[in-house]
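# Coordinates in review
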Amino acid sequence: MSDARLSVLKTYKLYVGGKFPRSESGRVYEVTTRTSAAAAAGKGKWLANAPLSSRKDARDAVVAARKAFGGWSGATAYNRGQILYRVAEMLEGRRDQYVAEVADAEGLSKSKAAAQVDAAIDRWVWYAGWTDKIAQVVGGGNPVAGPFFNLSSPEPTGVVAVLAPQESSFLGLVSVIAPVIATGNTAVVIASEKSPLPALSLGEVLATSDLPGGVVNVLSGRTAEIATPLAAHQDVNAIDLAGADETLAKELEIAAADNLKRVLRPQPVDGVDWSATPGTDRMTAFLETKTVWHPTGALGASGSSY
């Protein structure tokens, strides 16, 4: 009996509503390595066929994100932090897989890919710690001239379309997803067009990490083709243009204006360092501020108030 066997190649699928559907279009596209040697030869090594998402897939993802929004935004901040930390735990256990995928996706050495994966895992932990603290930073009591309590508190914007960075297939991806969901939003994510495989694999981790289905939905394919209907979608509340070039970003901003979406504009590619400490900007970009006034009332004839 021969010991030779065929490799079991992985079938990459979308991640929508907590499930792993193929694109309804049935289309796929080839994903190849991005090493310098492959670029010089004009063709990289074939890695996999990734789903080529359609407009219908984008609409389905928005429906799933909207359905999940009530439960996720209504969860306690502490619970959201626990779930984000669980994502980090799951990624730590599959570290070697992601090192290999990132190395192929971005043409990096194993050591450099490992550094990217470690930073991405740490980023989940960092945002997990912020879930129950961001409200104290951007909310609180406001001093007013009158017998009133005046309290401001942050609330999630809603469904956020996220164009993942094109060049940082994993660390950049995590850096734009984690702050969106840490603050109670749900996300429809368009993976890097050239390097979608780490993002599609991330769906497998999210599905087994206590994150409710629909909170994060991952699509792969032509960024412009998927982003255009999302920018114009009336049930999408905000859009992060991190993965859009200047021309596409301008088109999407115009489409987003139709229902007054919040728009986080892309930074110049040369000016983005995804390994730097992220700060709170990406969390506050997708938060609304609710301010409540309440009379303090008076206690007795003395006129003192509480």
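Residues numbered from 1 in each chain as written. Predicted model: local features only at pLDDT ≥ 70, side-chain atom pairs only at ≥ 80, totals over all residues. Heavy atoms only, no water.

### Things to note about the layout of surface pockets
A volume near 320 Å³ is recorded for the second largest pocket. In this structure, the second largest pocket is lined by 14 residues; those nearest its centre are Gln267, Val272, Trp274, Pro278 and Arg282. The residue makeup of the lining of the second largest pocket, split by class, is five nonpolar, four polar and five charged. (1 Å grid on protein atoms, 1.4 Å probe; cavity = no way out; pocket = protein on both sides within 12 Å on 5 of 7 lines; lining within 4 Å. Points joined across faces, edges and corners; volume = space filled by probe spheres on them. Nonpolar A, V, L, I, M, F, W, Y, C, P; charged D, E, K, R; others polar.)

### Topic: the nonpolar core
Formed by 62 residues in total, the largest nonpolar core has its most connected members in Leu91, Trp124, Phe170, Ile181, Leu202 and Val216. Setting aside its immediate chain neighbours within four residues, Phe170 contacts Leu91, Tyr98, Val102, Glu106, Val117, Ala120, Pro198 and Leu202. Ala64, Val188, Leu230 and Ala256 belong to the second largest nonpolar core, which has 25 residues in total. (Core = buried A, V, L, I, M, F, W, Y, C linked by side-chain atoms within 4.5 Å. Buried < 20%, exposed > 50% of the residue type's maximum accessible area, 1.4 Å probe, protein only. Contact = heavy atoms within 4.5 Å.)

### Thoughts on the environment of Glu106
Inspection of the secondary structure puts Glu106 in helix α4 (residues 95–106). Between the C-alpha atom of Glu106 and that of Arg34, which follows or precedes it by 72 residues, the distance is 5.6 Å. Dropping the residues within four chain positions of it, Glu106 is found in contact with Arg34, Gln116, Glu167, Ser168, Ser169 and Phe170. Here the side chain of Glu106 touches Ser169 through a polar contact of 2.7 Å, side chain to side chain. (Helix = DSSP H or I, 4+ residues; strand = E, 2+ residues; numbered from the N terminus. Polar contact = N/O pair within 3.5 Å; in protein donor to acceptor, adjacent residues only side chain to side chain.)

### Describing the sheet that holds strand β10 (residues 287–295)
Pairing is antiparallel in the open sheet, where three strands are placed in the order β3-β4-β10. Each edge of the open sheet is held by one strand with a lone partner, namely β3 (140–141) and β10. Alignment of strand β4 (residues 148–156) against β10, held across nine bridges, turns out to be antiparallel. Directly across from Pro154, in β10, lies its bridge partner Thr289. (Pairing = 2+ DSSP bridges.)

### Digging into the pattern of salt bridges
All chains considered together, the criterion is met by 14 salt bridges. A salt bridge links Glu204 to Lys10; its shortest N-O distance comes to 2.9 Å. Separated by 194 residues along the polypeptide, Glu204 in helix α8 (residues 197–207) and Lys10 in the segment before β1 (28–32) bring together distant segments of the chain. Taking relative accessible area as the criterion, Glu204 reaches 24% and is therefore assigned partly exposed. On the accessibility criterion, Lys10 (35% relative accessible area) is partly exposed. We note a salt bridge from Arg95 to Asp96, for which the minimum N-O separation is 4.0 Å. Overall, Asp96 belongs to the exposed group, its relative accessible area being 61%. Three or more residues joined by partner-sharing salt bridges are found here, namely Lys10, Arg94 and Glu204. (Salt bridge = Lys/Arg side-chain N within 4 Å of Asp/Glu carboxyl O.)

### Section: the packing of aromatic side chains
For the structure on display, the rule yields four aromatic pairs. Ring centres of Trp126 and Tyr127 lie 5.0 Å apart, and the angle between their planes is 90°; on these two criteria the pair is classed as edge-to-face. By relative accessible area, Trp126 is classed as partly exposed at 30%. An aromatic cluster is present here, built from Trp126, Tyr127 and Trp130 joined pairwise through their rings. A cation over a ring is seen here: Arg66 above Phe69, with NZ or CZ 5.7 Å from the ring centre. In this arrangement the basic side chain of Arg222 is found over the ring face of Tyr29, its NZ or CZ atom lying 4.6 Å from the centre. (Phe/Tyr/Trp six-rings, centres within 6.5 Å; stacked < 30°, edge-to-face > 60°. Lys NZ or Arg CZ within 6 Å of the ring centre and 35° of its normal.)

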